Amino acid sequence: MRRALPLLAALSVACSPSTPPPPTVQVSCVPEASPLRQRCTVTLRDRPAGLPIERATVTLAADMPSMPLAHSVRPAAATAGTAPGTYHGTLELEMAGRWVITVRIAGPVYDQVTHTIDVEHR
Ligand SMILES: [Cu+2]
């Protein structure tokens, strides 16, 4: 029975619902070739140290708040950039105007942030 206690302690640590604190998330998007093609860069840093977070799963989605259900832009999986903690994804938007980019981060940290951009007419 002496071994049971350390085992239980290990199990309770593994099952505790403590998740890491949400990261610092920076998002910027720039048009690429056309105003409707937006290349977005997401930078993830941990808190409080500010170290880059690598090997995260980052997904970008876009919608127009002024036109609910009118658009169905294909979400983009962002891929890791050369700078640690950076991720790039490109969205093909459907018209000029205000878009909200939703950034979902899954593992090793979890968060969801939005970033608003105004796409110019050309
Ligand atoms: Cu629209």
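Cut-offs used in this document
Residues numbered from 1 in each chain as written. Predicted model: local features only at pLDDT ≥ 70, side-chain atom pairs only at ≥ 80, totals over all residues. Pairing = 2+ DSSP bridges. Helix = DSSP H or I, 4+ residues; strand = E, 2+ residues; numbered from the N terminus. Axes fitted to C-alpha atoms, helices over the stretch in contact; angles between N-to-C directions. Buried ≥ 20, exposed ≤ 12 C-beta atoms within 10 Å, placed from the backbone. Contact = placed C-beta atoms within 7 Å.

Draft legend 1. Fine view of the sheet that holds strand S1 (residues 24-32). Pairing within the open sheet is antiparallel, and its 7 strands lie in the order S1-S2-S5-S4-S3-S6-S7. For this open sheet the edge positions go to S1 and strand S7 (111-119), each flanked by a neighbour on one side alone. With strand direction ignored, the average angle separating the axes of adjacent strands in the sheet is 25 degrees. Where strand S4 (residues 76-80) and strand S5 (residues 86-92) come together, 2 bridges link them in antiparallel fashion. Each residue of the ladder has a partner; that of Thr79, found in S5, is His88.

Draft legend 2. Spatial organisation of the environment of Glu94. Here Glu94 shows up in the loop between S5 and strand S6 (97-106). C-beta crowding within 10 Å serves as the criterion here: with 16 such atoms nearby, Glu94 is assigned to the partly exposed category. As for Glu94 and His71, which are separated by 23 residues in sequence, their C-alpha atoms are 7.5 Å apart. Not counting residues within four places of it along the chain, the set of residues in contact with Glu94 comprises Leu36, His71 and Val73.

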